[in-house]
Each structure stands twice: as C-alpha cells, then as structure tokens.
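Tertiary structure, described
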Amino acid sequence: MAQQRWVRLSAEKPTSTVCLLGTELSLDVSGSAPVGATSFDVWGTAGVNLYIVHKGETLKIPSCVPRWPLETNIEAIISMDTPSSRVNSDKVRISYYKDNGKGSMAQAVLHLTCVEISLDVDTSRSGTVNRKAKNKRTWTWGPEGKGAILLVNCDRDYLSGKEMDNQDKKVESYADLKDMSLMILTTCGPEGIFDEYQLVLHVSASDHDRVGVFHAKGGKKLFQYKHILGSGKLSYVVEQDGFQEKNFYVEGLSFPDVDFSGLVSFHITLLENPSEGLPDVPIFNDTVVFRMAPWIMTPNTLQPISVYICSIKSNADFVAAVSKLAVKAGCKLIICPQQENRGDRWIQDEMEFGYVQAPQKGFPVVFDSPRNGLLKDFPFKGVLGPDFGYVKREPANKKTVSSLDSFGNLEVSPPVTVRGQQYPLGRILIGSYFPSSQGNSMVQVVRDFLYAQKVQQPVELYSDWLVVGHVDEFLTFVPAPDRKGFRLLLASPTACYKLLKQKEQEGHGDAVMFEGVKKSKEISIRKILSDQTLRNTNHYYQKCIDWNRDILKEELGLTEEDIIDLPQLFKRSTTSSKAVAYFPDLVNMLVLGKYLGIPKPFGPIIHDQCCLEEEVRRLLEPLGLSCTFIDDFETYHENLGEVHCGTNVRRKPFSFKWWNVIP
C-alpha cells in the first residue's frame, strides 16, 4: 500500500501542496463542504490520477458516476506519475452541489507540485544500490530476504592513524570509503519548490552512537566528505542546490550486542513551513534500514591463510616445526617477536580471528580477549591495520576475569544441521561450569557479544573440570572427505586405557612412557595400569567429557560415527581436584587443512614406534590427514598448554553469505 497523506481543503481560497511520487493524497472532501451540500464531483488536470473510494469499492475518475453523495465514508484519492516541470502546474477541483442543483454551491481548489524524493540503499544485497525499492523499512533474513548491510568500520586504513576508522569523524583515505555502504538521496522536481520546504536526513536518538554518515559534497577530495550524522549528531538539513542525486557513505560504529539488535534506521523527511514563527510540519518520510554485519568465527575446516606464533627464548625448535608445517599447508607464518610478546607464548588465548562481510566488501577482524596477559597489546598494535579490523569486550570489574575468558575456551564447529535447523556457519562453543554447581564461566560481556551475533548460536559446555578450563583441551574438529565433512575429536581416557591394556596383553607391559624426556620420570605401561588413583580420577574425567559428548551430539546433530576418540590421560592437579594433561594433550592440535600439528605424546615405544602416535595415525590418516608430531613438552606442556594454545590461525571466510541464514 502506498504511503498516504491527509490533505485539508478550503472552499474560500485555493490550497497548495506537494504530491510525492509513489504516494497518495487523501482529500478532506467533507471538511471543506459548505452547509447544505449533498453531493460533489472531482476534476483534475491531465497529470493527476483521481480515485473515489465508496462503500469499499475504488473507482477511477472519470467514471459513469457524475456526482458522488457527500457521506462520511467516502474518500477522494489522488496520485501523480511524473515530477512536475513547474510549481503548482497541476490542479484538482472539487465542486459541491445541493440536492439536484445544476450549478455548484462552492469549489475547493488544490494546486499540486509533484516531487520525487527517494532514499535508497542496497536492499537486494547485490553490491549495488536499488532505486525505488519496496519494503525498505524492514529487514528480513534468508535467501529471499531483503535489507541493506553495514560493516563496522573497525579496521585502520590510514597507516599513520592511531585509532580504528570508526573512532574518528573523518574520511582519512579512499580505502576507508570502501568499508562504508552507499546511501543515495534522489530528488526531482521544479526549481523553487524548496523555498517553503526543508529536507532533513536523520537517525533515531538511540542509534546516533551506532553509525556515522558522511556527505559526499560534490568533489573527490577527502576533505569534501563531511561528517553529518552519528556521534551525537541526530539530523542534517540537506541543502538543495538543484535537484540531483546526493551520495552519503554510512559506516558502522558498533557490533550487535545485548543492548543493540544490529538494526539501524535512517529517515529522510520533508518538512513544510506553514507560517513564520511556527515549527515545521512533516508531510513525507522515506525510511531505510541497515543491519550491522556480525562478527563471524571460522572453524578448522576452512582453508588456513596464515599461522601466528610467538617467538620466545626457549621455543626455537617449536617455531621451526610449526614453520615447516605452515610451508606444507601453503600458509604464511607470522611471528610475534619477544619484544612484543614479552615472554607470553599463549597467542591462542589472547585473540580469536573472525571476519565481517557485506555484499560490497569484507575483511578479517581479530577479537581481543579480556585475558590481558603480556601479549595484550599485540592484537591492537600488531594485527589491526588496513582491511584488518579489531574488536574487544571487557567487564567493568576486571577482577572477574578468569582463565575461562581466554580464547582457548572459544571454538566453533563446522556447519551442521540439527533437527532440521541449519547452522551453515557452524555453532560457537564456549566452556563454563557444571550446571548443578558453581564455578567459573566466561564473563557476561563476552557471552552477550557472542550470542548477539545470531548467526553462530553458541553452545555452552562444561570445561571447569580442567585447571585451565578450556574447551580446546578436550575437543577439536578436523576435515573429512565423507559424512558431514568433518570429525569431532574428543580426548578419551577410556580409549587410552584400552590401548595400554592391549599393549600389556601383547607382552609390552615394560615399555615406558616419557623415554628421553628431561625432568620427567619414565613410567611403564604396567605401572600406569596398576595406579588405581590415576584410574579413578580418569574415570571421573571421562564422565565430564561424556557429559560434553552428549551435549555436542544433541546441539550439533552428531552421531557416534561423527566422533573419534583419541587416547588421552589426565591427572589431578597438585593444587586442586581439577585436571591437567598427563602427557601432551593430543586433541590440542594445529589444523592446517589436511596437515595436523599434534603434540608429541612421548608414549611407550613398541617396535620402534610410539604406540600413541601409531594409534592416532591409524584413526586419522584414513581420512586423508597427515599427522606431524611436534615436541612441545618443555616449552608448552609443562606450562599447562600445547600446540593449539601456542598458535593461532586466520582462515578464509565461508563462501556462504551470513545474511542467508535463517536464525
């Protein structure tokens, strides 16, 4: 239904107004009728479409009815198809009659000027602004959905800048413009019409700090892009220097969050000034809606682009091993040097890589954790840059931050379908405490942020049974050529005891673990199996993993065929009942396509082969995966972390467009 405006007429003097292209004017026929009038007729110039709505029926004039009864439920509707060439060039006249009188008692005359005003954006998500699109006021999800998209302009394209691009009120580079969405205002009509009218572009008070708008004021110089809306600026009077298109560039300032749905509306309003000294009156409004692009995580199944690692005094061999693996996988290796990491090796915990995407542009965005270790400056100083964004969430009370807020406790599954509900971008996995007890959980501001992105609905797992408390200590995903395109790998004490028992029965009970490892006492398979305290604690830890196994099967739509149990033992911490890895944690691996960098477990050597390594190869190599075992014992394992904890990976975005999700 076309936008409609009520217009009052007068039989005493002509009335003038504008008729906006694509809208309708509903004429107040009864209000201007003289006393005693019983009927009326309507006439208009050639450029005016006239309709009568009577008793639910709409008739176009001229019709076979010469006069219409003057009743309260009758309407006269007008519209126009083309902008006027002159002010007041078109006219509508209503003549009033008494009973069957031949001559009119009075006439109400309306002078019309048709003007086109349209605020347009990329509602079709094609990368091109759609002119005169319908349903611009709404935003819908899915392949058939409509509505424009806005990027949070959180990178830093201006090389000498000290802030993110969404923290200033300037266009510092032409690259900065490419991160913004185009919004076009089209006006068409006769000169002089805006002597009595004003056009105002405005944004809701609740959204002014979510967006920034720049007006391209006719030239190509950067200083000609004027900041007009956002950061406290709610409205902007559009100067009318001749009817033409006016380009506005819109940038996002805030990601969706607990207090922000991600939807932002812009309005262009035509104001009439009826008389001096009185406020202007709105007579037309056009509205467009943007949705802020969410931050999206990338799972292990996506192609790796670059691997990040910290170089510290004691890990040269580890860096060399990861470097060789990156070369095999065709990845770039980015090393954070000692002077930047200050001895903090846990680069997985400090940040998580994701991306943002709009039809016209996308770029990676690093999510900086509230952990704030010695690496805390690296995401902002070492990663943020041209076409590389940055986002962070921190609680007001920094004392509430725990180990569970490190991003080893933040993972994402590959795409899954659960009971008919598709998650084409996977589901985020975060660790928390057991439902029936109180313990640590990820801080609320981070959890709120993750839930607000909508497109990767989080799943909460139980990880507080571990000393460090990270989900990457007991699970990971690897690509696979069949079934769902991946396998979930879970750490399994049961699988480990089964393997060791098998080796003992085969006559290898005296084979020892940790052979050749400094500062670690060798121990035979037989002694491990006879340690009842170790067995009892691992029985408990297996129950914790099984609780998560059930959640993962339910929330990711998995079956047992989608899961591989990797042998793993845990031991009780010397300071608590919580668990740490007994030997290097095999699931805490680096996944680079088919190339896996797995912590070297230093398991019992049987027939010149580590039986744990042999078992892992048996389980994973049939999937086309290549297993490389990396010695991280002294530099990572003894510090309660492994290969995955000491590395980080930026991956290619999904080919699937997030706006096609149906949440």
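Residues numbered from 1 in each chain as written. Predicted model: local features only at pLDDT ≥ 70, side-chain atom pairs only at ≥ 80, totals over all residues. Heavy atoms only, no water.

Per an unreviewed UniProt entry, the recorded name for the protein is Protein-arginine deiminase, and the organism is Gekko japonicus. Its UniProt record gives the protein the following Subcellular location (unreviewed entry) comment, quoted word for word: "Cytoplasm". (UniProt positions renumbered as here; feature names shortened; annotations may be inferred.)

On to the overall build of the protein, then. A count of helical and extended segments in the protein gives ten helices and 43 strands. The C-alpha radius of gyration computed for the protein amounts to 34 Å, which surpasses the reference 26 Å derived for 663 residues by more than 25%, pointing to a less compact arrangement than a globule. On the principal axes, the C-alpha backbone points of the protein span a range of 120 × 55 × 40 Å. Relative to its 663 residues, the protein shows a buried fraction of 56%. Long-range pairs, those at least 24 residues apart, make up 72% of the contacts in the protein between residues at least 6 apart in sequence. Between the averaged position of the 75 positive side-chain charges in the protein and that of its 80 negative side-chain charges there is a distance of 1 Å. (Helix = DSSP H or I, 4+ residues; strand = E, 2+ residues; numbered from the N terminus. Rg over C-alpha atoms; globule rule 2.2 N^0.38 Å. Buried < 20%, exposed > 50% of the residue type's maximum accessible area, 1.4 Å probe, protein only. Contact = heavy atoms within 4.5 Å. Lys, Arg positive; Asp, Glu negative; His and termini not counted. Charge placed at Lys NZ, Arg CZ, Asp CG, Glu CD.)

Another point: the pairing of strand β35 (residues 563-567). Within β35, four of the five residues are buried, leaving the element largely enclosed by the surrounding structure. Two strands pair when backbone bridges link them, and strand β32 (residues 486-492) and β35 are joined in this way by five bridges, in the parallel orientation. Bridge assignment links Ala-491 to a residue of β35, and that residue is Leu-566. (Pairing = 2+ DSSP bridges.)

A few words now on the pattern of salt bridges. Enumeration according to the criterion identifies 32 salt bridges in this entry. The shortest N-O distance in the salt bridge between Lys-217 and Glu-239 comes to 3.8 Å. With Lys-217 in the loop between β14 (211-216) and β15 (225-229) and Glu-239 in the loop between β16 (235-237) and β17 (245-252), this residue pair connects regions lying 22 residues apart in the sequence. Arg-427 is the salt-bridge partner of Glu-555, the closest N and O atoms lying 2.9 Å from each other. Of this pair, Glu-555 sits in helix α9 (residues 532-556) while Arg-427 sits in the loop between β28 (421-423) and β29 (428-432), and the two are 128 residues apart along the sequence. Judged by relative accessible area, Glu-555 falls into the partly exposed class, the value being 26%. Because the salt bridges share partners, they merge into one network encompassing Arg-549, Lys-553, Glu-560 and Asp-565. (Salt bridge = Lys/Arg side-chain N within 4 Å of Asp/Glu carboxyl O.)

Our next topic: the packing of helix α7 (residues 493-508) against helix α10 (residues 611-620). Where α7 contacts α10, the axes come no closer than 11 Å and their chain directions differ by 120°. Accordingly, the angle class assigned to the pair α7 and α10 is oblique. Handedness of the crossing formed by α7 with α10: right-handed. For the pair α7 and α10, the contacting residues are Cys-496, Leu-499 and Lys-503 in the first and Cys-611, Leu-612, Glu-614 and Glu-615 in the second. Across the contact of α7 with α10, the residue classes break down as four nonpolar, no polar and three charged. (Axes fitted to C-alpha atoms, helices over the stretch in contact; angles between N-to-C directions. Parallel < 35°, antiparallel > 145°, perpendicular 65-115°, else oblique. Left-handed = near helix turned anticlockwise from the far one by under 90°. Nonpolar A, V, L, I, M, F, W, Y, C, P; charged D, E, K, R; others polar.)

Next up on the list: the pairing of strand β3 (residues 24-27). In terms of strand pairing, strand β1 (residues 4-7) meets β3 through four bridges, oriented parallel. Residue pairing across strands places Gln-4 opposite Glu-24, the latter belonging to β3. As paired elements, β3 and strand β8 (residues 75-80) share three bridges and run antiparallel to each other. Considered in β8, the bridge of Leu-27 is made with Ala-76.

What follows deals with the sheet that holds strand β6 (residues 57-61). With mixed pairing, five strands are arranged side by side in an open sheet as β1-β3-β8-β5-β6. Bordering the open sheet on either side are β1 and β6, each of which pairs with just one other strand. Pairs of neighbouring strands in the sheet enclose a mean axial angle of 30°, with direction left out of account. The sheet contact formed by strand β5 (residues 48-54) and β6 spans five bridges and is antiparallel.

On to the sheet that holds strand β20 (residues 296-297). Read from one edge to the other, the open sheet built from four strands follows the order β20-β23-β24-β25, with strand pairing classed as mixed. Two strands lie at the open edges of the sheet, namely β20 and β25 (389-392), each paired on one side alone. Of the pairings in the sheet, the one linking strand β24 (residues 361-368) to β25 comprises four bridges and is parallel in character. Residue pairing for β25: Val-365 is matched across the bridge by Gly-389.

A few words now on unusual backbone geometry. Of note, the amide linkage connecting Ile-61 to Pro-62 takes the cis form, showing an omega dihedral of 5°. Note on placement: Pro-62 falls in the loop between β6 and β7 (68-69). Unusually for a residue other than glycine, Arg-419 sits at a positive phi of about 50°. One can find Arg-419 in the loop between β27 (416-418) and β28. Here Arg-419 falls in the exposed class, since its relative accessible area comes to 64%. For Lys-454, which is not glycine, the phi torsion reads 70° and is therefore positive. Tracing the chain through its elements places Lys-454 in the loop between α6 (444-452) and β30 (459-462).

Another point: the side chain of Arg-650. Here Arg-650 lies in strand β43 (residues 647-651). Asp-387 is the oppositely charged side chain nearest to the buried, salt-bridge-free Arg-650, at an N-O distance of 9.9 Å. Setting aside residues up to four positions removed in sequence, Arg-650 forms contacts with Pro-304, Ile-305, Ser-306, Tyr-308, Phe-353, Pro-364 and Phe-388.

Moving on, we get to the environment of Arg-86. Topologically, Arg-86 is positioned in the loop between β8 and β9 (90-97). Residue Arg-86 is classed as exposed on the basis of its relative accessible area, which comes to 53%. A C-alpha to C-alpha distance of 7.8 Å links Arg-86 and Gly-189, two positions 103 residues apart in sequence. Not counting the four nearest positions on each side in its chain, Arg-86 is found in contact with Thr-113 and Pro-190.

Let's shift gears to the packing of α7 against α9. Close contact between α7 and α9 brings their axes to 8 Å; oriented N to C, the two are set at 135°. When the axes of α7 and α9 are compared, the pair comes out oblique. Two secondary-structure elements touch here, α7 through Pro-493, Thr-494 and Tyr-497 and α9 through Leu-534, Arg-535, Asn-538, Gln-542 and Ile-545. For the contact of α7 with α9, the residue count by class is four nonpolar, three polar and one charged.

Turning our eyes to something else, we now look at a negative patch on the surface. A grouping of Asp-317, Asp-631, Glu-634 and Glu-638 is seen on the molecular surface, where their side chains present a negatively charged patch. The exposure class of Asp-317 is exposed, given its relative accessible area of 68%. (Patch = residues over 30% accessible without salt bridge, like charges linked within 9 Å, V, L, I, M, F, W, Y side chains within 5 Å. Areas by Shrake-Rupley, 256 points an atom, 1.4 Å probe, with all protein chains shown as cover.)

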